[in-house]
Each structure stands twice: as structure tokens, then as C-alpha cells.
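Residue-level structure breakdown
Each chain, letter by letter, is given below.
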Amino acid sequence: MKQSNQVAARIRTALAHRRLPLAVAILSAVAMLPALTGGWQFDDYFHRVTMLGYGDSKPIQVFVQYSDRAHNLSQIDYGTMPWWGSPNLHQAFLRYASTLTMMLDYRLWPNHPALMHLHSLLWLAAAVFVAALLYREVLGANWVAGLAALMYALDGAHAVPAAYLANRNALIACCFGFLSLLAFVRWRKYGRPRTRWLSVLMLAVSLSAGEMGLATAAYLFSYALTVDRDAIQARLMRLLPHGGVLAAWALIYKLGNFGSQGSGFYLDPLHDPLGFAGSFCRRAAFLLMGQWSPLPAELSMANAPGTSAFLHISIFSFAIAAIVAALFLPLILRDRIARFWGLGALLSLIPIAAVGPENRLLGFVGLGSMALLAQLTQFLFAPSSAASLPRLWRGLAWAATLLLLLLHLIAAPFLGIARIDYQATVSSRMERAMASVPSDARIASQDLLLINPPDHIYLVTAIWAVHRLEKLPMPRHMRALSSGGELEVTRVGPQSLRVRFPDGFFPTPISRYFRSQNDRFSAGQHLELPGLSIRVESLDARGDPAQVLYEFPLPLEYSSLRWMRWQDGVYVPWSPPALGQTEKLPAGRGIY
């Protein structure tokens, strides 16, 4: 017993060491070192096209993806956007601070992705370092702050931002957001006016790095509401300069036409408040599942709403959220610092719920979550703190806390490395798929017709980016005839195919990327593209296409039509069925 007490004392002393913030910052980068071998992945190819000047936009606009109707219609004509994509799709993100770091990469080492990833790891270390300083400032220079910092440093949610260059913006937004919080807390504790204005400046930089920076305001508001002791009006008045920054950012966002509209994957609370409100609880539960369990939030996107698998993962996520609430509620009710962390983490879910649920978005949520877990550990170790609570809760709290400590101290770094490995594996699947796309000289005079690609963004749109980067011949047009799922393809004429979609036209949430659920189809809807006429013949119960007629100006066997199907992870040649015949194509597994 004496020896175990000595070990515990040494651990507490180490966690309270003044150099621990630097140690955990270095540890976070070391834990994610496998990210150095990640290369370019997914959106990195699109960004690389822009940064190298091969695209039709300037490098500073690398996060402006779908800007106006005319541009979208030209992409639909060519095929980089699918025919079902909304002409009014708009995705433009205000991330200029992050863009500047990418431009620096392409100025210094444009062909060395390992150095770009090292750059990202430095941002991760900086964010963790500032988070550790913030924990010490709020929780005190003790082992509780050290435990929170250690768990945050090892959090597996850092894996994708560290390994995915396109997601570096999350690390930068967190770093400057945490600096804003640290400066604000120090101003309130020590009364130094300079730190107040530093907090305001850092909030502005965080917002310019990415929309995630809005979560900074969640913690600022939470601190004023729960930690400050003055009248509520005085507390909120102190945030007026920060409110001015938020107002200026919102004005720039509006005048600059930033935001997302028309997508079923990205939601814009300002343009579609009802749609966002309807999705928030479900997405928030998935994000909490990703934060507090070994299952990543991305599992929510593996199946379409309405399926039994989606129902099961939804029930599990809400159960996790309920357990977490029951676990921390006694602590939050008793401790105003715990209320600060809890409310901040909860409010920081709002901006990230505008995107499909993914663990890579949890940087701000993890900040408060790790502090809460460290405080709960202290709460349970202090005999007088939890003595008045029911014995059943104490037993469950001990078991849950032990499991969570094991998850976030032991399993988390391995889960992070596994996530980096999975990300690299999926990226290699995309590269393998791209290698199977025809690149012979004939393709330049042919329409590439893909009957069943399971994903459009990374298996169709990416063809254009990869071919541009590798200077390969481009298809005359690209045409995807479905967005995944099982198909029934019937030859109804020498020049026409009728396609039915037994699994639904949008079998997964990501398949709705290019069209919002609010953008309805209509029976008989007709679209004319170069070399292809499309008619939606009937709709299913969800209002999506149930049957579509594709008509070509030439017989389907004509040499200018290059037919391919998705099979076993690659594209292979395909021939349309004979006249009057039907071919069933099973749902193919995509790269995920």
C-alpha cells in the first residue's frame, strides 16, 4: 500500500510539473508521426490542382469549391458534378489563414508531402501546448490540469487533422482559439488589459483559419456565464469586443458569399435554420459517441437514414450521450469550473454539427471533455466529495471513469494510429481506382460512362484532378449514371437505358453531397447534357428518383462511348445488355 501511494504521488508530481505543457506538446506530435508517410489524400488532389495553377481558380481561393450557378452548370456539362447535382450548390469557406500556410508549403516544398505533414504536426503540437497552458490556468498548476493535458495530447481525434493536409485548418483554428481563451482567462485573473485585446485578436485569427473557430466563442461565453462572479450584464459587456469580431466576421461571410447551400452533407444554419435544427440533435449525439467511445462518429455515414443499421448506431449514440450526461451531472452541479468546461464543450458542438459527423471535428469538444474527465477523476478520489451521492452512482462512476481513463490514456494513441493507417489505406484504394480509369489517347474523343460508381467525389470528380496532375488525356465528358447502391439496368432501345434503384437513389448520407433533401425532384424532370438526355420517370416514397431513362444520340455500342462499371475496387469495361434484356448490378463497396 505504501509503495502504491508513493507511485501515485510521483505520478501526481509529474503531471503537475511546470514543463508538462511542452512535454505533452512534443508527445502529441510524436504519437502522430506515422502521418508523415500519408502523402496526398482525397481533397489534397483538388487543392494541389489549384495550388499548382492547373485549375480555374486562384490558390487563395482553394476553399471556394462551388461558387456560382454558371460554374456548376459547366461542371455538370462536363461531368465533374453529377447530373443530379444542384445547379445552385454553393460551398465557399472562409479559411484564408489556413490557406496561407498551404501556399507557404507550395512555395517551399511543393513536391514533398512529408514536409507538409511535418508542418501540420507543428500546428498540432502548438495547439496541445496552448491547451495545456489553458488547463493550468483554469484548473490550477496541479495533477488534474496535467491529466487533462495528457489525455488531450493523446486524443485519437487529432489523427485525421494531422494526416490529412486539407484538414490542417482544424489544428490552426484550435491553436488560435485556445490562445484567445488563454488570454481572456489571464485578463480576468490578473487584470492585464493587453491580454484582453490579445484575446480579441486571436479570436479573429481563429475565425480566419476555419469555421471551427466559432467554438472559441462558445467557451468565452461559457466562462463569462459560469466562472465570472459579477452581474450577468457586466459579464456579457466584457465580451463586447469579441462580439464585434464575430459581427465583423459574419458580415464578411455574408458579403463575401461564403457558406454552404444546396448540399445534403454540409448544412448552413443561417440559410437553413430549420434543416440544421432538425439534424443537430442526431449529429451531436454521433459526435459525442466519437468523443466518448471507441466508435468514430464517421460510422453514422456508413448507412442511409431509415435503414436498420442507421437506427442501431443512432440508438447507441444517444445511449452514450445519456450515460455521459448522467456521469458528469453531479460534478457539473457542484463545481462552476466543471460547468465552464461542460457548457463550452456542449456549445462547441453547434458549429461542427453543420458538417457530416466526423472525429476530425472534435478539437474544441475534446478540450472541455478531457478537463471534465480529469475533474471527475479528482472528484472520485476525494472521499468527502462523492460520499453524499448514491452508492449505485458511485459504483457506476468508478467503473465508467476507469474505462474512460484506459480509453483516453492507453487506447487513444493506438486508435489514432489505426485511424491514420485507415486513412492511408482508403487513399490508396482511391489511387488504385484512379489507375484503372482509361488514359489512352482514344479517351480524349470518348465519353467515359460509369454505370455504378459507389461515390462521386473521390471516384468520379477526382478523375479530373488526378489526370490533370499526371498530365494524362482527359475524357471528352464524364457521366455517372448512379450514386451507388443496387441497380437494375434495362436496354429499352438501341440508344437508351432505363435504370431502377432498389436501394434508393441516395443509399448513403455522403451520396447526397451534391444535392440537399430540400431540393426536390419531380416525375418527368428532364435534363439535356452534351451527348446525353436524362428523364426522371418516377420517384420513390422519399421523393428521390426511382427510375431514370438515359438516352444517347448514338447506339450504345458506338466507339465514342466508353462504358465501365465498378467491380472489386476498380473500374472494368462493361457492355450494356442486349435489347429488351435487364442486368442487375449489386451494390459495390466503395473505397471506405
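See the structure above.
Here's a quick rundown of the structure. (Residues numbered from 1 in each chain as written. Predicted model: local features only at pLDDT ≥ 70, side-chain atom pairs only at ≥ 80, totals over all residues. Heavy atoms only, no water.)

**Thoughts on the overall build of the protein**
In terms of helices and strands, the protein carries 21 helices and 13 strands. For the protein, the C-alpha radius of gyration of 26 Å lies close to 25 Å, the compact-globule estimate for 592 residues. Judged by the C-alpha coordinates and their principal axes, the protein covers about 85 × 50 × 45 Å. At a minimum sequence separation of 6, the contacts of the protein that also span at least 24 residues come to 74%. (Helix = DSSP H or I, 4+ residues; strand = E, 2+ residues; numbered from the N terminus. Rg over C-alpha atoms; globule rule 2.2 N^0.38 Å. Contact = heavy atoms within 4.5 Å.)

**Re the side chain of serine 482**
You can see serine 482 is positioned in the loop between strand E5 (477–480) and strand E6 (487–493). Here serine 482 falls in the buried class, since its relative accessible area comes to 1%. At 2.9 Å, the side chain of serine 482 forms a polar contact with the backbone oxygen of isoleucine 451. If we ignore the near neighbours within four places in the chain, the residues touching serine 482 are Trp84, Ile451, Asn452, Pro453, Leu487, Phe501 and Tyr550. (Buried < 20%, exposed > 50% of the residue type's maximum accessible area, 1.4 Å probe, protein only. Polar contact = N/O pair within 3.5 Å; in protein donor to acceptor, adjacent residues only side chain to side chain.)

**Brief notes about the packing of aromatic side chains**
Scanning all chains against the criterion turns up 37 aromatic pairs. Ring geometry for tryptophan 83 versus tryptophan 84: centroids 5.7 Å apart, planes at 85°, classification edge-to-face. Judged by relative accessible area, which is 8%, tryptophan 83 ranks as buried. Here tyrosine 223 and phenylalanine 340 contribute two aromatic rings whose centre-to-centre distance is 5.4 Å and whose plane-to-plane angle is 90°, an arrangement assigned as edge-to-face. Residue tyrosine 223 is found in helix H11 (residues 214–226), and its partner phenylalanine 340 is found in helix H16 (residues 336–347); the two are separated by 117 residues along the sequence. By the burial criterion, tyrosine 223 is buried, and phenylalanine 340 matches it. A connected cluster of aromatic rings, assembled from ring pairs, spans Trp83, Trp84, Phe501, Phe505, Phe506, Phe521 and Tyr550. Over the ring of tryptophan 40 we find arginine 48, and its NZ or CZ is 3.8 Å from the ring centre. When the ring centre of phenylalanine 93 is taken as reference, the NZ or CZ atom of arginine 95 above it lies at 4.4 Å. (Phe/Tyr/Trp six-rings, centres within 6.5 Å; stacked < 30°, edge-to-face > 60°. Lys NZ or Arg CZ within 6 Å of the ring centre and 35° of its normal.)

**Section: the packing of helix H5 (residues 96–108) against helix H9 (residues 168–190)**
For the pair H5 and H9, interaxial distance at closest approach is 9 Å and the crossing angle is 125°. By the angle between their directions, the pair H5 and H9 is classed as oblique. Considering how the two elements wind past one another, H5 and H9 form a crossing that is right-handed. When H5 is examined against H9, the residues Ser98, Thr101, Met102 and Asp105 are found in contact with a partner set consisting of Arg168, Asn169 and Ile172. Looking at the contact of H5 with H9 residue by residue, the classes come out as 2 nonpolar, 3 polar and 2 charged. (Axes fitted to C-alpha atoms, helices over the stretch in contact; angles between N-to-C directions. Parallel < 35°, antiparallel > 145°, perpendicular 65-115°, else oblique. Left-handed = near helix turned anticlockwise from the far one by under 90°. Nonpolar A, V, L, I, M, F, W, Y, C, P; charged D, E, K, R; others polar.)

**Focus on the nonpolar core**
The biggest cluster of nonpolar side chains holds 179 residues, and the ones touching the most others in it are Trp83, Tyr135, Trp341, Leu367 and Tyr550. Per-element accounting of this core gives the leading share, 14 residues, to helix H6 (residues 113–139). Sequence-distant contacts of tryptophan 83, defined by excluding residues within four places in its chain, comprise Ile76, Ala480, Phe505, Phe521, Leu527, Leu529, Ile534, Val536, Pro545, Val548 and Tyr550. (Core = buried A, V, L, I, M, F, W, Y, C linked by side-chain atoms within 4.5 Å.)

**A short note on the pairing of strand E12 (residues 570–573)**
Examined bridge by bridge, strand E11 (residues 561–567) and E12 share 4 bridges and lie antiparallel to one another. Pairing of methionine 564 across the sheet is with proline 573, part of E12. Where E11 folds back onto E12 in an antiparallel hairpin, the turn is made up of 2 residues, including aspartate 568, whose phi is positive at roughly 55°. (Pairing = 2+ DSSP bridges.)

**Details of the sheet that holds strand E8 (residues 526–529)**
Strand order in the open sheet made by the 6 strands is E8-E9-E10-E7-E6-E13, with antiparallel pairing throughout. Each edge of the open sheet carries a strand with a single partner, namely E8 and strand E13 (582–585). The sheet shows a mean angle of 20° between the axes of neighbouring strands, taken without regard to direction. When E6 meets strand E7 (residues 496–500), the two strands line up antiparallel, connected through 5 bridges. Residue glutamate 488 lies in a different strand from E7, and its bridge partner there is arginine 500.

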